[in-house]
Amino acid sequence: MSEFKLTTVEEFEAATERLLETGAKVGADAWQFRVKNQTPHCKFGEEGVCCRICSMGPCRITKKAPRGICGCDVHGIVGRNYLKFTAGGSATHSDHGREICHTLYESSADGCYQVKDPEKLIRIAKEWGVETEGKDIYDLAHEVAEMGLWEYGKPFGTQRFLKRAPQSQQELWEKNELAPRAIDREVSCSLHMAHMGCSSLPEALIKQSIRAGLSDGWGGSMMGTEFSDVLFGTPKPIDTEANLGVMVEENVNIVVHGHDPSLSEMVCEYADSPEMIAYAKEMGAKGITVSGVCCTSNEVAMRRGIPMAGNFLQQENVVLTGACEAIVVDVQCIFPALGPLSKCFHTKFITTSPIAQMPDSEFIRFDAKTADEKAKLIVKTAIENFKNRKPELVHIPQLKQKATVGYSVEAIIKCLDGVANSQVDEMGTVKPLLQCVTSGVLRGAVAMVGCNNPRIRPDLAHIELMKKLIANDIVIIASGCSAQAAAKAGLMDKRAKDICGDGLKRVCELADIPPVLHMGSCVDISRMMILASELAKCAGTHVSQLPVVGCAPEWMSEKAVSIGNYVIGTGIDTFLGVDPYVSGSSEIAEILTNGTREWVEAAFTVEKDIDKLGDAMIARIEEKRAALGI
Ligand code: XCC
Ligand code: SF4
């Protein structure tokens with residue numbers, strides 16, 4: 001029991017070094033080398049001061065050249081770049097959500113996809129004013145899915161899920177013209193505004209960035225999460241493991257990577273079938289191990305306990321083990337490097353989505369109608385590839401930690417019910433959690449999210465910040481690659497309670513939870529918005545008054561910027577460890593770090609020093625407590 005010990009970043013790095021030695025033997029490239037080739041990065045790009053949205057440019061703003069050819073100043077250029085960055089992220093998350101709506105639309109009693117959580121579907125249908133009485137569950141699924149799809153292009157009105165937010169937040173959105181309309185419209189409108197000769201007014205550009213972000217968080221992502229739960233089940237606490245040591249040398253190893261659970265769910269289903277296991281044995285393996293990378297991994301970990309092989313900057317490592325028969329990808333965060341890298345090994349790099357097609361991959365097109373045969377084909381392809389392994393190249397680092405994952409809002413409510421020594425709790429409220437916070441047993445909560453980025457020593461910021469926060473009785477909710485960093489370190493092992501402050505430790509013991517709660521993938525940050533909203537409603541405060549902040553210390557993607565915008569847009573101060581290419585404009589930087597408070601009561605803090613970032617979050621949480629008088 002007491003031999004529990006966190007895995008250190010140094011241990012992660014030693015494992016990676018050993019894998020890079022294998023890579024060197026076969027002439028493999030790796031991000032560690034490409035980073036060197038790309039350093040130093042372009043200063044203009046870093047500061048966001050380069051504009052190439054029309055062919056009179058590119059224009060770069062310097063002291064000597066303070067305006068582009070059209071006369072746009074640096075604030076307009078940086079602001080437009082920021083808006084486009086956001087629109088890219090919002091489009092990406094939301095299109096993932098749209099795919100899930102289509103999958104829900106394709107569900108049927110005898111098809112590839114069924115409704116696993118009918119209660120949740122009925123709850124959403126009622127919320128949306130759909131008659132549910134006496135209706136066949138699949139008729140209802142189709143009706144709700146279609147309504148969801150209309151949220152992308154409806155000509156009038158704003159997003160349906162906005163009503164889940166506290167009244168005060170909804171009023172702020174209305175008053176400041178931030179309430180997102182149709183999702184596609186917000187993305188289009190952003191691109192329109194950022195076109196040559198449209199907006200160059202900083203306030204207008206940042207407001208639209210927030211609105212486009214909100215269309216993601218309270219629109220596309222929220223539908224992605226909610227309908228994934230309807231289709232594949234709402235996550236409940238489940239045990240799993242994390243880090244490369246989850247791969248099994250004697251087994252056929254299939255690694256799923258990307259974001260959309262429609263594919264990975266089906267692959268897991270087949271890999272677990274007696275027929276496929278027997279086939280793997282016939283081919284000389286002991287069995288089949290499916291593990292995951294990035295958010296697809298989070299999805300199947302949360303619902304099935306499928307182990308997590310690693311996060312974003314570990315994706316090449318799974319191939320470098322020499323024991324990966326197939327890395328199967330859907331969309332987003334997939335290194336094109338996996339193509340040439342897999343060619344150095346026996347690994348099959350299988351792309352499946354028309355959205356993410358890459359050189360040097362085998363394309364097995366996946367869609368909801370033929371999901372079962374395609375998944376079977378993928379699993380078979382992997383099994384048949386087992387014999388092609390080169391034993392001399394096989395090395396799986398023996399690093400892994402136990403993790404308990406699956407903390408949807410529903411699961412958190414259930415776990416915490418009855419923890420606070422409260423009198424009569426109505427079942428199913430966030431009241432016990434709120435009581436832990438108001439009594440000071442918990443000082444507050446931090447939503448740790450986002451990616452890895454070579455600008456930050458991978459995983460170090462995530463792990464160090466979490467250690468510091470939990471030692472200060474701040475509970476962590478985590479998603480995306482941040483959650484995987486935590487799991488790899490051991491912070492999602494319930495025994496990690498021993499490195500918490502006394503208050504959090506007690507809560508962990510009473511509720512039987514780890515101090516870092518895995519809430520899912522990046523679209524699941526919508527779950528965090530719902531949780532914060534419920535807490536604010538229960539407390540009778542604005543979201544912005546809660547001792548809760550967001551943090552993305554190692555973020556890298558456009559999606560992360562969209563997320564940042566909707567998190568502050570929801571009233572939650574957000575702390576970033578990487579600058580979003582805005583340092584070139586004092587005006588844009590000022591709006592993002594302060595000015596947005598006027599519209600949404602929250603703003604960004606950018607701080608590259610991890611220690612200071614942690615202190616700043618703790619200080620903000622304590623400030624909020626003091627303001628509430630708790
Ligand atoms: Fe991608 Fe979602 Fe970032 Fe990880 S955390 S690198 S976006 S997988 Ni979303
Ligand atoms: Fe240059 Fe203006 Fe064209 Fe941008 S829009 S490239 S600043 S001329």
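Residues numbered from 1 in each chain as written. Chains lettered and ligands numbered in written order. Predicted model: local features only at pLDDT ≥ 70, side-chain atom pairs only at ≥ 80, totals over all residues. Heavy atoms only, no water.

Student: Could you give me a rundown of the site of ligand 1, with the residues and numbers involved?
Tutor: Neighbouring ligand 1 are His 259, Cys 294, Cys 295, Phe 312, Cys 333, Gly 450, Cys 451, Cys 481, Cys 522, Met 556, Ser 557 and Lys 559. Grouping the constituent residues of the shell around ligand 1 by class yields 8 nonpolar, 3 polar and 1 charged. (Near = heavy atom within 4 Å. Nonpolar A, V, L, I, M, F, W, Y, C, P; charged D, E, K, R; others polar.)

Student: Give a detailed account of the pairing of strand β8 (residues 348–351), specifying residues and quantitative values.
Tutor: Where strand β7 (residues 326–329) and β8 come together, 4 bridges link them in parallel fashion. Of the residues in β8, the one forming a bridge with Ala 326 is Lys 348. Handedness of the crossover is the feature at issue here: the chain leaves β7, passes through helix α14 (residues 338–343), returns alongside β8, and the resulting connection is right-handed. Across 2 bridges, β8 lies against strand β9 (residues 362–363) in parallel orientation. The residue bridging Thr 351 from the neighbouring strand is Phe 363, located in β9. (Pairing = 2+ DSSP bridges. Helix = DSSP H or I, 4+ residues; strand = E, 2+ residues; numbered from the N terminus. Right-handed = clockwise from strand over helix to strand, strands pointing away.)

Student: Give a detailed account of the environment of Ala 271, specifying residues and quantitative values.
Tutor: Checked against the element boundaries, Ala 271 lands in helix α10 (residues 261–271). Separated by 105 residues in the primary sequence, Ala 271 and Lys 376 have C-alpha atoms spaced 8.1 Å apart. Contact partners of Ala 271, with chain neighbours within four places excluded, come to Ile 277, Ile 288, Val 290 and Val 379. (Contact = heavy atoms within 4.5 Å.)

Student: Explain the coordination of the nickel atom of ligand 1 to me, and be specific about the residues and the numbers.
Tutor: Of all protein atoms, Cys 522 (SG) alone acts as a donor to the nickel atom of ligand 1, lying 1.8 Å away. Examined against the element boundaries, Cys 522 turns out to sit in the loop between β13 (516–520) and α21 (525–539). (Donors = N, O, S within 2.8 Å, 3.2 Å for Na, K, Ca; no water.)

Student: An account of the side chain of Asn 251 is needed here, citing residue identities and associated values.
Tutor: With respect to the element layout, Asn 251 can be found in the loop between β3 (238–242) and β4 (252–257). In this view, Asn 251 contacts Ala 285, Lys 286, Gly 287, Ile 288, Thr 289, Glu 325, Phe 386 and Arg 389; residues no more than four positions away in its chain are not counted.

Student: Tell me about the packing of helix α4 (residues 74–106) against helix α8 (residues 183–193), and please be specific about residues and values.
Tutor: Running from amino to carboxyl end, α4 crosses α8 at an angle of 160°, the nearest separation of the two axes being 9 Å. As judged from the angle between their axes, α4 and α8 are roughly antiparallel. You can see that α4 and α8 cross each other, and the crossing is left-handed. Facing Leu 83, Ala 87, Ser 90, Ala 91, Ser 94 and Arg 98 of α4, the residues of α8 in contact are Ile 183, Asp 184, Val 187, Ser 190, Leu 191 and Met 193. Across the contact of α4 with α8, the residue classes tally to 7 nonpolar, 3 polar and 2 charged. (Axes fitted to C-alpha atoms, helices over the stretch in contact; angles between N-to-C directions. Parallel < 35°, antiparallel > 145°, perpendicular 65-115°, else oblique. Left-handed = near helix turned anticlockwise from the far one by under 90°.)

Student: Describe the sheet that holds β13, and please don't skip the residues or the numbers.
Tutor: Ordered by their spatial adjacency, 6 strands build an open sheet running β13-β12-β11-β14-β15-β16, and the pairing between neighbours is parallel. A strand with exactly one partner marks an edge of an open sheet, and here the two such strands are β13 and β16 (604–606). Ignoring strand direction, the axes of neighbouring strands in this sheet form an average angle of 25°. The sheet contact formed by strand β15 (residues 574–576) and β16 spans 3 bridges and is parallel. The residue bridging Phe 575 from the neighbouring strand is Thr 605, located in β16. Against the sheet, helix α25 (residues 610–628) contacts β11 (444–448), β12 (474–479), β14 (548–552), β15 and β16, and its axis sits at roughly 165° relative to β14.

Student: Break down the pattern of salt bridges for me, with residues and values.
Tutor: Per the counting criterion, the structure on display carries 46 salt bridges. Between Lys 120 and Asp 229 there is a salt bridge; the shortest N-O distance is 2.7 Å. Remark: Asp 229 occurs in helix α9 (residues 202–232) and Lys 120 occurs in helix α5 (residues 118–127); sequence separation between them is 109 residues. For the pair shown, Lys 120 and Asp 229 are each scored as buried. Of the charged contacts, one joins Arg 620 and Asp 573 as a salt bridge, the two residues approaching to 3.1 Å between their closest N and O atoms. Of this pair, Arg 620 sits in helix α25 while Asp 573 sits in the loop between α22 (558–569) and β15; the two residues are 47 residues apart in sequence, bridging distant segments of the chain. (Salt bridge = Lys/Arg side-chain N within 4 Å of Asp/Glu carboxyl O. Buried < 20%, exposed > 50% of the residue type's maximum accessible area, 1.4 Å probe, protein only.)

Student: Describe the packing of α4 against α9, with residues and values.
Tutor: Running from N to C, α4 and α9 point in directions that differ by 15°, and their axes come no closer than 8 Å. In this view, α4 runs roughly parallel relative to α9, as classed from their interaxial angle. For α4 against α9, the interelement crossing comes out left-handed. Among the residues making up the contact of α4 with α9, the classes are represented as 13 nonpolar, 18 polar and 2 charged.

Student: An account of unusual backbone geometry is requested, with residue identities and associated values reported.
Tutor: Of note, the bond from Thr 39 into Pro 40 is cis; its omega dihedral lies within 30 degrees of zero at -5°. Its location among the elements puts Pro 40 in the loop between α2 (31–38) and α3 (43–47). In this model, Gly 57 is joined to Pro 58 through a cis peptide bond whose omega is 0°. Checked against the element boundaries, Pro 58 lands in the loop between β1 (50–51) and β2 (59–60).

Student: I'd like to hear about the packing of aromatic side chains, residue by residue, with values.
Tutor: The tally for this structure, following the rule as stated, stands at 7 aromatic pairs. Note on Tyr 113 and Phe 232: the rings are 6.0 Å apart at their centroids and 70° apart in plane angle, and the pair reads as edge-to-face. Remark: Phe 232 occurs in helix α9 and Tyr 113 occurs in the loop between α4 and α5; sequence separation between them is 119 residues. Exposure class is identical for Tyr 113 and Phe 232. Each is buried. Here the aromatic rings of Trp 128 and Phe 161 are separated by 5.2 Å at their centres, their planes lie at 45°, and the arrangement is tilted. Highlighted residues: Trp 128 in the loop between α5 and α6 (137–153) and Phe 161 in the loop between α6 and α7 (167–175), separated in sequence by 33 residues. According to the relative accessible area criterion, Trp 128 is buried, its value standing at 7%. Each residue in the set Phe 85, Trp 555 and Tyr 581 is aromatic and connected to the rest through ring pairs, giving one cluster. One residue, Lys 488, lies across the ring of Phe 12, its end atom 4.6 Å from the ring centre. (Phe/Tyr/Trp six-rings, centres within 6.5 Å; stacked < 30°, edge-to-face > 60°. Lys NZ or Arg CZ within 6 Å of the ring centre and 35° of its normal.)

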